Number of protein chains: 2
Amino acid sequence: MRNFKMTISYDGSRYKGWQKQKETDLTIQGKLEAVLSKMTGEDILVVGCGRTDSGVHAENYIANFHTKCTWSNDAILYYLYEFLPEDIVVKSIELVNERFHARYNVKSKTYVYKINTNKYRNVFERKYSYHIPEPLDLIEMRKGAQSLIGTHDFQGFTNMKPSNKSTVRTIHAINIVENGDYLDIEVNGDGFLWNMVRIIVGTLLEVGRGKLNSSEVEKILQEKKRWEAGPLAQAKGLFLREVQY
Amino acid sequence: MRNFKMTISYDGSRYKGWQKQKETDLTIQGKLEAVLSKMTGEDILVVGCGRTDSGVHAENYIANFHTKCTWSNDAILYYLYEFLPEDIVVKSIELVNERFHARYNVKSKTYVYKINTNKYRNVFERKYSYHIPEPLDLIEMRKGAQSLIGTHDFQGFTNMKPSNKSTVRTIHAINIVENGDYLDIEVNGDGFLWNMVRIIVGTLLEVGRGKLNSSEVEKILQEKKRWEAGPLAQAKGLFLREVQY
């Protein structure tokens, strides 16, 4: 069997997230498996680097699949380009070691959350950013972000119910970058719990608006209570930017 | 009566163009008149700076309307912001001389046509650019564009049927600018015939692909035959950028 690694870009707006579901065919995994199965005549299982929620986008999502198909990389790429919907693009494909697993082998992931800080919404970016016209205190936001760097129990920063699964994760960096009318919050870590990036962003935005003191972020982390952290930031502002292996 | 000038940005994707039509309520003018009429209790007529075709976008479209409404500019702006669909934004509003007419007073207009030259379509820009992965000869395109500068009869560059209306227009500038993965073709002129910018772009793209020699553009202009010019470039790449008064 050949094992292919794919780099995928998608506009998540109309999808119910990455993961295949019985109730809907509007999932990225579902669309990819349908086209690859048709292409190969096999029952293709696509392994993704992780789930993305309904409405979340990806610039460079990584997935892999096994097949007996002997087509060239270019031929597969061309087929996918022609038959996938216009909001999903496989940007590159490479033959990898049979043991490569897009989820198990992840070393870290980088997400970016895009905020439009202009007075008015941008009609062309409205599906790809969260519009916050009020001023944000970036110095305080950066201070608050510092408390989250490192290895911590992020139980307070997920909507996952407590279970016996570990909620300890390591965040390597949070960069808050001004980019014209936009504010990009880039988060890199070894893994993320359900909704974790969006709750981190929601919490930092509370700090930016002055509703939460930057020093309270550390307390929220220690208290591990979801309701003390900020609200879930809108899905449409979130992009999976890169996956490191 | 007070006369208000508005600067409007819209994503034209789902609209049948600027101009109100009996058959559909999906027009920019129609949406604006409906909201302004509700706001004022009057039958508001919105005068636009010109028609844009179905699917064409605007960064800064100019329109005006007369009203007895005594609301402040900010209050009107806020009302429009709240009640217009999310793909239409009135970015500013100002009280102008009662005689100001958004169409009659136009001195010139600038359109920009955006081309994505990357190998793959960009899922986030797919509705706001024309995707041309083949290489384009910019030097030849710029040469071809030069022939169009000045005052000419653009009969060959419109889908308008010949009539006794003048088809003479002046093009002041055509700038072809590389912008990362994008190519922006900016056209400034005193006025444009129906489909004229898209046919100019379609013709320059034929030159860029080597299907037409840059020296032939002048001949097409002189022959005034629509079928000698290039095809109509897709609407989704075209933006009305600015109107000069």
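Calculation rules
Residues numbered from 1 in each chain as written. Chains lettered and ligands numbered in written order. Predicted model: local features only at pLDDT ≥ 70, side-chain atom pairs only at ≥ 80, totals over all residues. Heavy atoms only, no water. Helix = DSSP H or I, 4+ residues; strand = E, 2+ residues; numbered from the N terminus. Buried < 20%, exposed > 50% of the residue type's maximum accessible area, 1.4 Å probe, protein only. UniProt positions renumbered as here; feature names shortened; annotations may be inferred. Contact = heavy atoms within 4.5 Å. Least-squares fit on C-alpha atoms with pLDDT ≥ 70 in both. Pairing = 2+ DSSP bridges. Domains from an automatic or database assignment. Buried area = accessible area lost by both parts, 1.4 Å probe. Salt bridge = Lys/Arg side-chain N within 4 Å of Asp/Glu carboxyl O. Axes fitted to C-alpha atoms, helices over the stretch in contact; angles between N-to-C directions. Parallel < 35°, antiparallel > 145°, perpendicular 65-115°, else oblique. Left-handed = near helix turned anticlockwise from the far one by under 90°. Nonpolar A, V, L, I, M, F, W, Y, C, P; charged D, E, K, R; others polar. Polar contact = N/O pair within 3.5 Å; in protein donor to acceptor, adjacent residues only side chain to side chain.

1. Quick look at the side chain of Thr-158 of chain A
Thinking step 1. Examined against the element boundaries, Thr-158 of chain A turns out to sit in the loop between β7 (150–153) and β8 (168–179).
Thinking step 2. Taking the relative accessible area as the measure of exposure, Thr-158 of chain A reaches 1% and is therefore buried.

2. Quick look at the UniProt feature "active site" (unreviewed entry) in chain A
All names here are of chain A.
Thinking step 1. Feature annotation in UniProt assigns "active site" (unreviewed entry) to the following positions: Asp-53.
Thinking step 2. Within the element layout of this structure, Asp-53 appears in the loop between β2 (46–48) and β3 (57–67).
Thinking step 3. Not counting residues up to four positions away in its chain, the partners in contact with Asp-53 are Gly-17, Trp-194, Asn-195 and Arg-198.

3. Description of the relation of the copies chain B and chain A
Thinking step 1. Its rotation angle being 180 degrees, the transformation that places chain B on chain A also includes 0.0 Å of axial translation and leaves an RMSD of 0.0 Å. Taken together, the rotation angle and the small translation identify this as a two-fold axis.
Thinking step 2. When the interface residues of chain B are mapped onto chain A, 100% of them are again interface residues, pointing to one common binding face.

4. Regarding the UniProt feature "binding site: substrate" (unreviewed entry) in chain A
Residues and elements named next belong to chain A.
Thinking step 1. Under the local residue numbering, the UniProt record ascribes the feature "binding site: substrate" (unreviewed entry) to Tyr-111.
Thinking step 2. By secondary structure assignment, the location of Tyr-111 is in strand β5 (residues 108–116).
Thinking step 3. Overall, Tyr-111 belongs to the buried group, its relative accessible area being 7%.
Thinking step 4. Not counting chain neighbours up to four residues away, the residues in contact with Tyr-111 comprise Arg-51, Thr-52, Ile-185, Glu-186, Val-187, Phe-192, Val-197, Leu-238, Phe-239, Leu-240 and Arg-241.

5. Digging into the pairing of strand β10 (residues 238–244) of chain A
Thinking step 1. When β3 of chain A meets β10 of chain A, the two strands line up parallel, connected through two bridges. Bridge assignment links Ala-58 of chain A to a residue of β10 of chain A, and that residue is Leu-240 of chain A.

6. Comments concerning the domain arrangement of chain A
Accessible area lost upon the coming together of the parts is a frequently used measure of interface size.
Residue and element names in this part refer to chain A.
Thinking step 1. Under the domain assignment, chain A is made up of domain 1 (2–96) and domain 2 (108–244).
Thinking step 2. Taking only C-alpha atoms, the centre of domain 1 and the centre of domain 2 are 27 Å apart.
Thinking step 3. Tallying the contact residues gives 16 residues for domain 1 and 17 residues for domain 2.
Thinking step 4. Each partner contributes to the roughly 1200 Å² buried at the junction of domain 1 and domain 2, and carbon and sulfur atoms together form 50% of this total.
Thinking step 5. On the domain 1 side of the interface with domain 2, the three residues burying the most area are Asp-53, His-57 and Glu-59, jointly 44% of the side's total.
Thinking step 6. If you look at where domain 1 meets domain 2, you find three salt bridges.
Thinking step 7. Among the salt bridges present, the one from Arg-198 reaches Asp-53, with a minimum N-O distance of 3.3 Å.

7. As for the packing of helix α3 (residues 138–146) of chain A against helix α4 (residues 196–208) of chain A
Residues and elements named next belong to chain A.
Thinking step 1. For the pair α3 and α4, interaxial distance at closest approach is 8 Å and the crossing angle is 140 degrees. Taken together, the axis directions place α3 and α4 in an arrangement best described as oblique. The crossing of α3 and α4 is right-handed. Contacts from Glu-140, Met-141, Gly-144 and Ala-145 of α3 reach α4 at Leu-204, Leu-205, Val-207 and Gly-208.
Thinking step 2. Among the residues forming the contact of α3 with α4, the class breakdown is five nonpolar, two polar and one charged.

8. With respect to the environment of Thr-67 of chain B
Residue and element names in this part refer to chain B.
Thinking step 1. Position of Thr-67 among the secondary structure elements: in strand β3 (residues 57–67).
Thinking step 2. Its relative accessible area of 1% is what places Thr-67 among the buried residues.
Thinking step 3. For the pair Thr-67 and Arg-2, spaced 65 residues apart in sequence, the C-alpha to C-alpha distance is 5.4 Å.
Thinking step 4. When neighbours within four sequence positions are excluded, Thr-67 is seen to be in contact with Met-1, Arg-2, Phe-4, Thr-40, Glu-42 and Ile-44.
Thinking step 5. In terms of polar contacts, Thr-67 uses its side chain to reach the side chain of Glu-42, at 3.0 Å.

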